[in-house]
Amino acid sequence: MYIVTSTVVVPPEKTGEVIGIYQNRSRRVDLADGFHLFRLIQNTKKKNELTVHMEWHTKAAYMAWVKSQEFKEIHDLEKNYPDQELAKIIPTVRQYEVVAE
């Protein structure tokens, strides 16, 4: 199993807006080969810190998604988001290999 997280800290007054974006996400990634799970999680102490948590069957499956046209299209939409304050936020991405269960 391969886990990828992407964390952003958004302006506190825009936290609900960002959560709404993810609640209404396209779900295109859900159809990718090797995709297992998507979650948006919220820090319980810093409510404006949000993390996308995705699980993949393998690193190769994740890398194939990152190189796909669909990935590019989705992330191009983010760059062109009307709220430029949100569009400029750069996430902290981390990747993990599950080594024990």
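What you see is a predicted model, and the numbers here were worked out from it, not measured in a lab.

Turning next to the pairing of strand E1 (residues 2–9). Both faces of the sheet carry side chains from a regular strand, because those side chains alternate between them. Among the 8 residues in E1, 6 count as buried, and that is most of the element. Relative to strand E3 (residues 49–56), E1 runs antiparallel, the two being bridged by 8 bridges. Each bridged residue has a counterpart across the sheet, and for Thr7 the counterpart in E3 is Thr51. As paired elements, E1 and strand E4 (residues 92–97) share 6 bridges and run antiparallel to each other. Within E4, the position partnered with Tyr2 by the bridge is Glu97.

Moving on: the side chain of Glu55. Among the structural elements, Glu55 can be located in strand E3. Of the buried charged residues, Glu55 lacks a salt bridge, with Arg39 as the closest side chain of opposite charge at 4.6 Å. Residues in contact with Glu55, not counting those within four places in the same chain, are Met1, Tyr2, Ile3, Phe35, His36 and Leu37.

Okay, the environment of Val8 next. Inspection of the secondary structure puts Val8 in strand E1. Residue classification places Val8 among the buried positions, given a relative accessible area of 17%. Counting along the chain gives 89 residues from Val8 to Glu97, while the straight-line C-alpha distance between them is 21 Å. Once you skip the residues sitting within four places of it in the chain, Val8 turns out to touch Asn48, Glu49, Leu50, Ile89 and Pro91.

We now examine unusual backbone geometry. Working note: non-glycine residues mostly have negative phi, and peptide bonds are mostly trans. The backbone of Arg27 shows a phi angle near 65 degrees, a positive value even though the residue is not glycine. As for its placement among the helices and strands, Arg27 is situated in the loop between helix H1 (15–23) and strand E2 (35–42).

Let us look at the sheet that holds E4. The strand order across the open sheet built from 4 strands is E2-E3-E1-E4, with neighbouring strands paired in antiparallel fashion. Lying at the two open borders of the sheet, with one neighbouring strand each, are E2 and E4. Ignoring strand direction, the axes of neighbouring strands in this sheet form an average angle of 15 degrees. In the packing of helix H2 (residues 59–66) onto the sheet, contacts are made with E1, E3 and E4, and the angle to E3 comes to roughly 115 degrees.

Scoring rules and cut-offs
- Residues numbered from 1 in each chain as written.
- Predicted model: local features only at pLDDT ≥ 70, side-chain atom pairs only at ≥ 80, totals over all residues.
- Heavy atoms only, no water.
- Buried < 20%, exposed > 50% of the residue type's maximum accessible area, 1.4 Å probe, protein only.
- Helix = DSSP H or I, 4+ residues; strand = E, 2+ residues; numbered from the N terminus.
- Pairing = 2+ DSSP bridges.
- Lys, Arg positive; Asp, Glu negative; His and termini not counted.
- Salt bridge = Lys/Arg side-chain N within 4 Å of Asp/Glu carboxyl O.
- Contact = heavy atoms within 4.5 Å.
- Axes fitted to C-alpha atoms, helices over the stretch in contact; angles between N-to-C directions.

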